[in-house]
Amino acid sequence: MRETLRSVSSTIVPQTSFGPLRLLPALPWLILAAAMRVIAFAGGPASLPALVVAAVAVLHAFIVTAQRCIEASGGQTNLGELSVTDQLRLSLAVLWRIALLMIAAALALVFTPYAGQSPHLMAGLDGMAFDQFTHLGRFWSAFIAALVLLMILQAERNNGRTAFFPALGEFARRGLWLGTAVLVLGLVNIGLGYGQNAVRGLIWTFGQTEASQFTKNLVFFVFIFSFAMLRLWVTLSIVTFGLKASYVYGEND
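1. Overview of the overall build of the protein
Here is step 1 of the chain: Looking only at helices and strands, one finds nine helices and zero strands in the protein.
Here is step 2 of the chain: Taken over 253 residues, the protein has a buried fraction of 48%.
Here is step 3 of the chain: For the protein, the share of sequence-separated contacts (at least 6 apart) that also reach a separation of at least 24 residues comes to 72%.
Here is step 4 of the chain: Carbon and sulfur atoms provide 70% of the accessible area of the protein, an area that totals close to 12,300 Å².

The structure is reproduced here in structure tokens:
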């Protein structure tokens, strides 16, 4: 990971641009994830496979954006050299480990006064790109994002081998900066949630106008995926900044 994030000068100011076009490679995966979410929410036997495909698509979008974000912050990564097959293997390796964590956390929450929020912990991966519906879920998605990034970078430096507990240990060792990044990201996610709800209200109002259905659909499409790409970029920017700062300032180096 040193090679990934510490190949920079003593400054943590990004050295390359990160314009909107850099986000476009993640868009097809976010579209696939959104389509699968619609199928899953409709219920029926296709729900579970659709949820799995949606989670894999979000992880693909996460990997693509992680590459851009690391490069934008002045670091180096080989994530861009992964083939689609390698990305799929990496996504699946991360998915089942994070899925077990989400299941364990959701079951543990059942026995607390917050049992009603337990299902939202199962949307930890989904919340990295799409809005959660509770503040707890938004902070949880922030933690999941940090853990996923650590697992991906660990796999990069270990010839594709992915492990959960070493990544969790890495998070603990760098808890000062990564923990702060998770808290900041959770607060930002709350702000993005309020902002998205406000824009959603405007979209609904626009939907009552006499504009053509094509225009209404286009506006809705831009709304959904603009926020998804924005949330993914913000998530990785904050988490990458926290991880990189822990290296720059020598935390448990």
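From this point on, the discussion continues.
2. Describing the nonpolar core
Here is step 1 of the chain: In terms of nonpolar packing, the biggest core is built from 62 residues, with Phe62, Ile98, Leu125, Met128, Ile144 and Val148 touching the most fellow members.
Here is step 2 of the chain: When contributions to this core are tallied by element, the ones reaching two or more residues are α2 (27-41), α3 (47-72), α4 (84-110), α6 (135-157), α7 (164-173), α8 (175-207) and α9 (213-248).
Here is step 3 of the chain: Residue contributions to this core peak at 14 residues, all from α6.
Here is step 4 of the chain: Contacts of Met128, omitting those with residues within four sequence positions, involve Val58, Leu59, Phe62, Ser141, Ile144, Ala145, Val148, Arg231, Leu232 and Thr235.

3. Focus: the packing of aromatic side chains
Here is step 1 of the chain: What the rule picks out here adds up to six aromatic pairs.
Here is step 2 of the chain: With a centroid separation of 5.8 Å and an interplanar angle of 35 degrees, the aromatic rings of Trp140 and Phe143 are classed as tilted. Residue Trp140 and its partner Phe143 are both found in helix α6; the two are separated by three residues, about one turn of the helix. In terms of burial, Trp140 and Phe143 fall into one category: buried.
Here is step 3 of the chain: Pairing Phe220 with Phe223 gives two aromatic rings, centres 6.3 Å apart and planes at 45 degrees, and the pair type is tilted. Residue Phe220 and its partner Phe223 are located together in helix α9, separated by three residues, close to a single helical turn.
Here is step 4 of the chain: For Phe220, a relative accessible area of 45% gives the class partly exposed.
Here is step 5 of the chain: The rings of Trp140, Phe143 and Phe171 are connected pair by pair, giving a single aromatic cluster.
Here is step 6 of the chain: The side chain of Arg37 reaches across the aromatic face of Phe130, ending 4.2 Å from its centre.

What counts as what
Residues numbered from 1 in each chain as written. Predicted model: local features only at pLDDT ≥ 70, side-chain atom pairs only at ≥ 80, totals over all residues. Heavy atoms only, no water. Helix = DSSP H or I, 4+ residues; strand = E, 2+ residues; numbered from the N terminus. Buried < 20%, exposed > 50% of the residue type's maximum accessible area, 1.4 Å probe, protein only. Contact = heavy atoms within 4.5 Å. Areas by Shrake-Rupley, 256 points an atom, 1.4 Å probe, with all protein chains shown as cover. Core = buried A, V, L, I, M, F, W, Y, C linked by side-chain atoms within 4.5 Å. Phe/Tyr/Trp six-rings, centres within 6.5 Å; stacked < 30°, edge-to-face > 60°. Lys NZ or Arg CZ within 6 Å of the ring centre and 35° of its normal.

As far as function goes, none of this settles anything; it's purely spatial.
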